[in-house]
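# An overview of the molecular structure
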Amino acid sequence: MHDRRRRLLPAIMFLVVLGLLPVRAQTRAHAPAATTTDLLQSLPASDVVLVIEHSRILHEAIPRFFGNNPAPLAKIFAAGEEFKAKTGIDPRSISRVVIGARFINLENIAKGPDKKDFGLVIIAQGDFEAQKLVDFLRSDGKERVREEQSGGQTIYSLDERPKGSTTPKPDVEIPAMTLLDANTIALGDLAQVRATVAVKGGGERLSPELLTLATRNSNALISLAGNVPPGLTSSLAPKGSSGSTEMDATVTKFFEAVAAIRQMSVSLGLTVGGVEASLGARFNSAEQAQSLGDMLLGARQQYNVFIEDKMIRDLVNSMQITAESDEVQLRLEVPQTLIMMMLDDAKKKDAAATATKATTAKPAATTTKHTRRKARRGTRRKKA
């Protein structure tokens, strides 16, 4: 099977999430936009959920930080245009995306997870005709596309097995999609797409606790909330000794506290002066939360003097660290000036790397031409 067909649905998922350039408002009539809560309630039971406020990123964040430097988005723009030309759907017309992941093999998560250890579904809603994607799949996938009925809806899956193979693949390794309505699509592995369809019929859905965590910051452009698998955080602890008994004891105590985290949440949102980042960690008890909060406050007071850059040191000192009930929360506002400095620095490094690559490539080309000329001259002399 052709490589492009084999990766058809994974490529669609990628483009759905990454259509990141501003577009003009479209006037075509479409279904009323779902709220973040609406889309999250369409997710099946998940252990991790990600919310991307796509439209706000397009019209607020991108112009603000990349308005004068569109180069970093050029490749994504080109991929989006190619996708639009093939399917008739502009990835940039997406208003909001929610992603749900479910842990399947918990014992493998801490060791180094593989795709088969996760169930995944992506729900995207916007000003596009979802049926066009189905038409494209049928025409491009042809005999590779499978259709099944579930809960009154059609689920489309892609058979990626080598031609003639009769060995079945696990549902978690089969890419699939369905239309939740005229302007909403669900993409993922077959098991989770089926579970998404089942939600409408009373199937298990996202827990209220994770839904609340994912929507707690109404100003967020991106929100992440999830359960922490047992053993994951403890596996991150450094191995061996640092040479300092006191340091080793502090690190051990810190990771013991971190190992008790049962849920985490992260959000990023715009403020008047920059970007607000927040991180929350929930524990089984208020005592565990207070213990980690105290450690973080103590570590900042003890080690911030070693931060040489004043801007970074001031930024760390401005971080709010609080312990409330069973949760520790960290809040930080990153000034736009610092973000722009970092982007400019990255742009300069990229330009320098490109220049260096071009400079080192020229002598090699010149030497090759020179060698060829000498070879031709030597041949002429021998003939003479």
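Predicted model, so just to flag it, every value in this text is computed and none were measured.

### Re the overall build of the chain
Within the chain, the regular secondary structure consists of 13 helices and 12 strands. A buried classification covers 38% of the 384 residues belonging to the chain. Relative to all contacts within the chain whose residues are 6 or more apart in sequence, the contacts with residues 24 or more apart total 70%. When the accessible surface of the chain is summed, it comes to about 21600 Å², and 57% of that surface belongs to carbon and sulfur atoms.

### Some points on the sheet that holds strand β2 (residues 94-103)
Taken together, the 12 strands give an open sheet; going across it, the order is β4-β5-β6-β7-β3-β2-β1-β8-β9-β10-β12-β11, and neighbouring strands pair in antiparallel fashion. With partners counted over all chains shown, the strands left at the sheet margins are β4 (145-150) and β11 (320-324), one partner each. When the angles between neighbouring strand axes are averaged without regard to direction, this sheet yields 15°. The pairing of strand β9 (residues 263-270) with strand β10 (residues 274-282) spans 8 bridges and is classified as antiparallel. By the bridge assignment for β10, Val266 is matched with Leu279. Lying on the sheet, helix α8 (residues 190-200) is in contact with β2, β3 (118-126), β4, β5 (153-158), β6 (175-181) and β7 (184-189); it crosses β7 at an angle near 140°.

### Quick word on the pairing of β9
Where strand β8 (residues 220-227) and β9 come together, 7 bridges link them in antiparallel fashion. Bridge pairing links Ile222 to Leu268 in β9. In textbook terms, the turn of a hairpin is the stretch between consecutive antiparallel strands, and for β9 and β10 this stretch comprises 3 residues.

### Side note on helix α9 (residues 208-215)
Taken together, the buried positions of α9 are occupied by Leu210, Leu211, Leu213 and Ala214. Each buried residue of α9 lies within a common arc of 165° when the element is viewed along its axis, so the set occupies one face. Turning to α9, the residues buried within the fold contact α3 (36-40), β1 (48-52), β8, β9 and β10.

### Some words on the side chain of Arg92
Note that Arg92 resides in the loop between α5 (74-87) and β2. The exposure class assigned to Arg92 is buried, which follows from its relative accessible area of 14%. Only 2.9 Å separates the side chain of Arg92 from the side chain of Asp90, close enough to count as a polar contact.

### Quick look at the packing of aromatic side chains
Enumeration over the complete set of coordinates arrives at 3 aromatic pairs. On the numbers, 5.3 Å between centres and 85° between planes, the contact of Phe254 with Phe255 is edge-to-face. Given the relative accessible area of 30%, Phe254 is considered partly exposed. A centroid spacing of 6.3 Å and a plane angle of 35° characterise the contact between Tyr303 and Phe306, whose relative ring orientation is tilted. Classification of Tyr303 as partly exposed rests on a relative accessible area of 31%.

### Brief notes about the pattern of salt bridges
Inspection of every chain in the model, using the stated rule, returns 18 salt bridges. Glu60 is the partner of Arg56 in a salt bridge, and the nearest nitrogen-oxygen pair spans 3.1 Å. With Arg56 and Glu60 both in helix α4 (residues 54-66), this residue pair falls 4 residues apart, about one helical turn. Classification of Arg56 as partly exposed rests on a relative accessible area of 22%. Salt-bridge contacts for Glu327 lead to Arg216; the nearest nitrogen and oxygen are separated by 2.7 Å. Placement of Glu327 in strand β12 (residues 327-335) and of Arg216 in the loop between α9 and β8 is noted, with a sequence separation of 111 residues between them. Bridged by salt links that share partners, the residues Glu209, Arg216, Arg262, Arg282, Asp326 and Glu327 form one connected network.

### Some thoughts on the nonpolar core
Formed by 32 residues in total, the largest nonpolar core has its most connected members in Val97, Phe128, Leu133, Met177, Leu179, Ile185 and Leu270. A total of 4 residues in this core trace back to one element, the largest contributor, which is α4. Val51, Ala186, Leu206 and Ala214 belong to the second largest nonpolar core, which has 22 residues in total.

### Notes on the pairing of β1
Sheet topology note: the β1/β2 ladder contains 5 bridges and is antiparallel. Looking at the pairing, Val48 lines up with Ala101 of β2. Relative to β8, β1 is paired through 5 bridges, and the arrangement is antiparallel. Within the sheet, the bridge partner assigned to Leu50 lies in β8 and is Leu224.

### Here's the deal with unusual backbone geometry
Even without glycine at this site, Ser325 takes up a positive phi of about 55°. Residue placement: Ser325 occurs in the loop between β11 and β12.

How each quantity is defined
- Each chain carries its own residue numbering, running from 1 in the direction its sequence is written.
- The model is predicted, so local features are restricted to residues of pLDDT at least 70 and side-chain atom pairs to those at 80 or more, both for listing and for counting; the totals for chains, interfaces and linings are taken over all residues.
- Values shown for side chains rest on all heavy atoms present in the structure; no hydrogens or waters enter the calculation.
- Helical segments are the DSSP runs of H or I of at least four residues, strand segments are the runs of E of at least two, and each set is numbered from the N terminus.
- Only protein chains enter the accessibility calculation, which uses a 1.4 Å probe. A residue is then buried if its area is under 20% of the maximum for its type, exposed if over 50%, and partly exposed in between.
- Contact between two residues is taken to exist if any of their heavy atoms lie within 4.5 Å; hydrogens are not considered.
- The accessible surface values rely on the Shrake-Rupley method and a 1.4 Å probe; as for residues, cover is taken only from the protein chains in view.
- The pairing criterion for strands is at least two bridges between them, as found by DSSP.
- Here the axes come from fitting lines to C-alpha atoms, over the contacting stretch only for helices, and the angles between their N-to-C directions go from 0 to 180 degrees.
- Picture the helix axis, draw a direction to every C-beta atom, and the arc is the one those directions span.
- We call two N or O atoms a polar contact when they sit within 3.5 Å, provided that within protein one can donate a hydrogen and the other can accept it, with sequence-adjacent residues counted only if both atoms are side-chain atoms.
- The criterion for an aromatic pair is that two Phe, Tyr or Trp rings (for Trp, the six-membered ring) have centres within 6.5 Å, with stacked assigned to planes under 30 degrees apart, edge-to-face to planes over 60 apart and tilted to the rest.
- Should a side-chain nitrogen of Lys or Arg be within 4 Å of a carboxyl oxygen of Asp or Glu, the pair is scored as a salt bridge.
- In plain words, nonpolar cores are sets of buried Ala, Val, Leu, Ile, Met, Phe, Trp, Tyr and Cys residues tied together by side-chain atoms within 4.5 Å.

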